[in-house]
Amino acid sequence: MHTRLQLQASCSPRCAPLVRCQRAPSRVSLRCLATASIEADLSSHQPQSAIANGWDYKYPHIPCASLCAPDDTRYLKVEALFQNVLGYPRLPSRVHQFMPRISTDISTITRTVENLSKRYGQELVLYYLRRSPNMLSCDYETLVARAEHVRSMLDLRPTEVLAVLRKNPNLFIMESSVVRTRFTSLHKVMPLNHDNVRKLVVKFPLILNYQTTSIEHLMDSLRQLSYTRVQWQQDFDAMSPSLIAFYLRDARDLLLRLEYLVATGENPHIDIKTVFKVSNNLFAKKHRNFRPWLHMREQRRQQQLLRQQGQQAQQEQARALAAGLSMQMFAAMPMISIAPDGTPVLGGLPLPPAPPSFAADIQAAIAAMPSAERYQ
């Protein structure tokens, strides 16, 4: 600032307005310039040993601040594929992390990305791959067949299935039979008809990622709490697909709210939708004892867990002690040996011959004993 004032003072009055209009660079522009210079420096000094040794890929690799090793040709080829086909400057970090799990050859990956880009567009395919990098493990035909299966299962238009796949790109890598089974099982665990189950899946496609038993457990927990009040029971029986989707997104916190209201008896006339729709801070603000109740509940849960661990430790210690005593008693017992003439000997004394029905009598006596005393 002092230098700029000196410059204005030294200039003539005619050029003073020109000097006065110049502004010092802002912090944001300086930060951008510094970032650009660092990236340029990294790209210029990046070793290109794999490229220098011979590049046999159809797409050129553009130097960048890459996460790939300079001698890893496979990673660099996938990065070149992202640069030239999808228009992304480098290999995304999530795709880079999943690359060791992808065993597909580079030609299949190239064909898959090229055809998906032509079918769905660069931006959408890039979003799919960044959300679900395992798509690179499948070929193009398999991915399209699975997307078509989702479209036919939900009876969607071709443009509508893209929104469903955008919400849950894992549908590309899930087997069609698994998706169909989970969709069919939702009719058994949801208080909805077929059309509403379809609307629920379209609204919240991530529900197909969960096991049916997990969804059933969440719905049973909600049903048990809802049937404690007449108003909640009516709300549960008339829940819309949108409200169920809202509940499944944050089931744990919403169940805790209902459990608190049931335990304390507060707001007896509030409905389920009002309980769900408010934020956590607003609910805690309206119910001052909610957070202390959560703290006490967590303390009780920890104490119960410690008691269970103590009981398990005592049971294991008792079993170990009983096993040790059994081994000591077995070691203290005199061993039975067989003489050269075939006579059993116990403690140096020959045993009398057993009657022919001895073994059968022993087995009958054991069978007649109660199960609790049989192995003592």
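Residues numbered from 1 in each chain as written. Predicted model: local features only at pLDDT ≥ 70, side-chain atom pairs only at ≥ 80, totals over all residues. Heavy atoms only, no water.

Novice: Help me understand the overall build of the protein chain in this model?
Specialist: Counting its regular elements, the protein chain contains 20 helices and 3 strands. For the protein chain, the residues scored as buried account for 31% of the 376 residues in total. Contacts spanning at least 24 positions in sequence make up 57% of the contacts within the protein chain whose residues lie at least 6 apart. Total accessible area on the protein chain is roughly 24000 Å²; 56% of this is exposed by carbon and sulfur atoms. (Helix = DSSP H or I, 4+ residues; strand = E, 2+ residues; numbered from the N terminus. Buried < 20%, exposed > 50% of the residue type's maximum accessible area, 1.4 Å probe, protein only. Contact = heavy atoms within 4.5 Å. Areas by Shrake-Rupley, 256 points an atom, 1.4 Å probe, with all protein chains shown as cover.)

Novice: What should I look at first to understand helix α8 (residues 122-131) in this one?
Specialist: Each turn of an α-helix holds 3.6 residues, which means side chains three or four residues apart point in the same direction. Residues Leu124, Val125, Leu126, Tyr128 and Leu129 constitute the buried set of α8. On its buried side, α8 packs onto α5 (73-84), α6 (93-98), α7 (106-120) and α10 (158-167).

Novice: Can you walk me through α7 in this structure?
Specialist: An ideal rise of 1.5 Å per residue puts 21 Å on 15 residues; α7 measures up with 21 Å between its terminal C-alpha atoms. Buried within α7 are the following residues: Ile109, Thr110, Thr112, Val113, Glu114, Leu116, Ser117 and Tyr120. Lining the buried residues of α7 we find α5, α8, α9 (140-154) and α10. Trailing α7 by a residue or two, glycine 121 shows a phi angle of about 100 degrees, which is positive. (Expected span 1.5 Å × (residues − 1).)

Novice: What exactly am I supposed to notice about the pattern of salt bridges here?
Specialist: When the charged atoms of two side chains with opposite charge come close together, those side chains can pair. Per the stated rule, a full pass over the model turns up 11 salt bridges. The residue lysine 58 makes a salt bridge to glutamate 114 at a minimum N-O spacing of 3.1 Å. Residue lysine 58 is found in the loop between α4 (49-52) and α5, and its partner glutamate 114 is found in helix α7; the two are separated by 56 residues along the sequence. On the basis of relative accessible area, lysine 58 is assigned to the exposed category, the value being 56%. By relative accessible area, glutamate 114 is classed as buried at 16%. With a shortest N-O distance of 3.2 Å, arginine 297 and glutamate 259 are connected by a salt bridge. Placement of the pair is arginine 297 in helix α19 (residues 290-332) and glutamate 259 in helix α16 (residues 251-264), with a sequence separation of 38 residues. Arginine 297 gets classed as partly exposed once you look at its relative accessible area, which sits at 25%. (Salt bridge = Lys/Arg side-chain N within 4 Å of Asp/Glu carboxyl O.)

Novice: Just checking my understanding: could you explain empty space enclosed by the protein for this structure?
Specialist: Over the atoms rolls a probe the size of a water molecule, and its path tells where empty space is left. Within the structure shown, the criterion is met by 1 cavity of 30 Å³ or more. Here the largest cavity defines a volume of roughly 30 Å³. Taken together, Arg182, Leu186, Ile207, Leu208, Tyr210, Gln211, Thr212 and Ile215 make up the full set of residues lining the largest cavity. For the lining of the largest cavity, the secondary structure elements donating two or more residues are α11 (176-189) and α13 (212-226). Here the lining of the largest cavity is composed, by residue class, of 5 nonpolar, 2 polar and 1 charged. (1 Å grid on protein atoms, 1.4 Å probe; cavity = no way out; pocket = protein on both sides within 12 Å on 5 of 7 lines; lining within 4 Å. Points joined across faces, edges and corners; volume = space filled by probe spheres on them. Nonpolar A, V, L, I, M, F, W, Y, C, P; charged D, E, K, R; others polar.)

Novice: Quick question: what am I supposed to make of the nonpolar core here?
Specialist: The tendency in soluble globular proteins is for nonpolar side chains to be buried as a group. Leu186, Met190, Ile207, Leu208, Leu222, Tyr247 and Phe276 are the most contacted members of the largest nonpolar core, which totals 80 residues. Sequence-distant contacts of tyrosine 247, that is, excluding residues within four places in its chain, are made with Leu218, Met219, Leu222, Leu254, Leu255 and Phe276. (Core = buried A, V, L, I, M, F, W, Y, C linked by side-chain atoms within 4.5 Å.)

Novice: What should I look at first to understand the environment of threonine 274 in this one?
Specialist: Among the structural elements, threonine 274 can be located in helix α17 (residues 272-277). Threonine 274 gets classed as partly exposed once you look at its relative accessible area, which sits at 35%. Within the structure, the side chain of threonine 274 is placed 2.3 Å from the side chain of aspartate 271, a separation counted as a polar contact. (Polar contact = N/O pair within 3.5 Å; in protein donor to acceptor, adjacent residues only side chain to side chain.)

Novice: What is the right way to look at the packing of α7 against α8 in this model?
Specialist: Geometrically, a packed helix pair is captured by the angle between its two axes and the distance between the axes. Running from amino to carboxyl end, α7 crosses α8 at an angle of 125 degrees, the nearest separation of the two axes being 7 Å. Relative to α8, α7 is oriented oblique. In the crossing of α7 with α8, the sense of the turn from one axis to the other is right-handed. Between α7, through Val113, Leu116, Ser117 and Tyr120, and α8, the contact on the second element is made entirely by Gln122, Leu124, Val125 and Leu129. (Axes fitted to C-alpha atoms, helices over the stretch in contact; angles between N-to-C directions. Parallel < 35°, antiparallel > 145°, perpendicular 65-115°, else oblique. Left-handed = near helix turned anticlockwise from the far one by under 90°.)

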